[in-house]
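Architecture at a glance
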Amino acid sequence: MKLAHLITAAALCVTSLACWAQAPIVIKFSHVVADDTPKGKGAMKFKELAEARSKGRVKVEVYPNSQLYKDKEELEALQLGAVQMLAPSLSKFGPLGAKEFEVFDLPFIFDNVQELHRVMDGAIGSRLMKSLEPKGLVGLAFWDNGFKEMTANTPLKKPEDFKGLKMRIQSSKVLDAQFRAVGANPQVMAFSEVYQAMQTGVVDGSENTASNIFSQHHNEVQKYLTVSDHGYIGYAVVVNKKFWDGLPADIRTLLEGAMKDATKFTTEHAQTDNDEALKKIAAVGKTQMITLTREERTAWKKAMAKVHRQMEDRIGRDLILAIYKETGFKE
Ligand code: LMR
């Protein structure tokens, strides 16, 4: 086709309804976990709702399991506009300069999901989401995964048991401090690399939710799992701001509605997913399950308590105190 014809065809396409119908708005949603996890299911629910409600005007392509990008790369890809939507764990926003998100990593800061949601769904959560805008992102929702358990090839019952162990962490300085507080050697590593690192002994252990441990088969290469619930993994669903602001207003409203309902769905199912995964790990039988006594858990909490103060400069004392006030946290 001659150039002039191409230009005419393109111009017609921009203005004609028929072309709009053929060219849906594509949202590439990249993430690092399996489909069968709280985030994986949330992404599929969002896709289902967005596509059905927009009657095909929006197409959501979900790329799970680090298929497109690993942890660090996916945030860069979002900022560059190579993908439109992500849901990184709250522990992964530090390298972007959004260090306050690491407040959710403070060990034992939340006793239960209700406390956590009071913080996320209130003024603190809104303020954190707003802080992403200068970085070219819009935060649409917080999604739950759940509380973390510890895994290793040696039993972890007392704080001393961590001494000298190489523990994989997400890219959060709070998690780094948490493991140093008990004498372990934390190592930042992309989620997709953890299984192999465990298998080859590059790391001795890690922390994660039961649904992540089971769906990545970590339980097949870790001899012990301590049900510690010492910290939390949740997500911020984020979109590229330029993309979001450029959407037709009716589509944006529709997507906000789909996100609201996908969020509700995720909140309702995350706990069950993790409870079931824990049972499946026990059933596979390759990992010995350890339940901490109240005294043992208190000893962990005591050993890690200093991390809250150590991190005041990084996260902000005011933010930490505001959360204590919301949750009634006591050392
Ligand atoms: C991890 O890296 O361990 C988790 O953040 C993965 C995830 O997205 O749940």
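Keep in mind that this is a model prediction, so the values were computed, not measured.

Each regular strand carries side chains that alternate between the two faces of the sheet. Summarising the sheet, strand β5 (residues 149–152) and strand β9 (residues 224–227) pair through 3 bridges and their orientation is antiparallel. Bridge pairing links Thr151 to Leu225 in β9. In the sheet, β9 pairs with strand β11 (residues 288–291) via 4 bridges, with the strands oriented parallel. Its bridge partner lying in β11, Thr226 is registered against Ile290.

Take the sheet that holds strand β3 (residues 85–86) next. Spatially, β2-β1-β3-β10-β4 is the arrangement adopted by the 5 strands of the open sheet, whose pairing is mixed. The outermost strands of the open sheet, each flanked by one partner alone, are β2 (58–63) and β4 (137–147). With 6 bridges joining them, strand β1 (residues 25–30) and β2 adopt parallel strand pairing. Note that in β2 the partner of Ser30 across the bridge is Tyr63. Here helix α4 (residues 71–80) sits on the sheet in contact with β1, β3, β4 and β10 (232–240), set at roughly 25° to β10.

This model, assessed by the stated rule, comprises 18 salt bridges. Close ionic contact of Arg57 with Asp250 constitutes a salt bridge, the shortest N to O distance being 3.0 Å. Taken together, the positions of Arg57 in the loop between α3 (38–53) and β2 and Asp250 in helix α11 (residues 249–284) put the pair 193 residues apart, joining distant regions of the chain. Among the salt bridges present, the one from Lys59 reaches Glu61, with a minimum N-O distance of 3.3 Å. Taking relative accessible area as the criterion, Lys59 reaches 37% and is therefore assigned partly exposed. Within this structure, Asp36, Lys41 and Asp273 form a network of salt bridges that share partners.

A few words on the site of the ligand. In the neighbourhood of the ligand, the contacting residues comprise Val32, Val33, Lys39, Ser89, Lys92, Arg168, Gln170, Phe191, Asn208, Asn212 and Tyr235. Here the ligand loses 100% of its free accessible area of 270 Å² to cover by the protein chains. Taken together, the residues that form the shell around the ligand break down as 4 nonpolar, 4 polar and 3 charged.

Once that is clear, we can look at the sheet that holds strand β6 (residues 166–169). With mixed pairing, the 6 strands of this open sheet are ordered in space as β7-β6-β8-β5-β9-β11. Whereas interior strands pair on both sides, the edge strands pair on one side only; in this sheet they are β7 (185–188) and β11. This sheet shows a mean twist of 25° between the axes of neighbouring strands, independent of strand direction. Its contacts with the sheet place helix α7 (residues 173–181) against β5, β6, β7 and β8 (205–208), and it is angled at close to 160° to β6.

The rules we used
- Residues numbered from 1 in each chain as written.
- Predicted model: local features only at pLDDT ≥ 70, side-chain atom pairs only at ≥ 80, totals over all residues.
- Heavy atoms only, no water.
- Pairing = 2+ DSSP bridges.
- Helix = DSSP H or I, 4+ residues; strand = E, 2+ residues; numbered from the N terminus.
- Contact = heavy atoms within 4.5 Å.
- Axes fitted to C-alpha atoms, helices over the stretch in contact; angles between N-to-C directions.
- Salt bridge = Lys/Arg side-chain N within 4 Å of Asp/Glu carboxyl O.
- Buried < 20%, exposed > 50% of the residue type's maximum accessible area, 1.4 Å probe, protein only.
- Near = heavy atom within 4 Å.
- Areas by Shrake-Rupley, 256 points an atom, 1.4 Å probe, with all protein chains shown as cover.
- Nonpolar A, V, L, I, M, F, W, Y, C, P; charged D, E, K, R; others polar.

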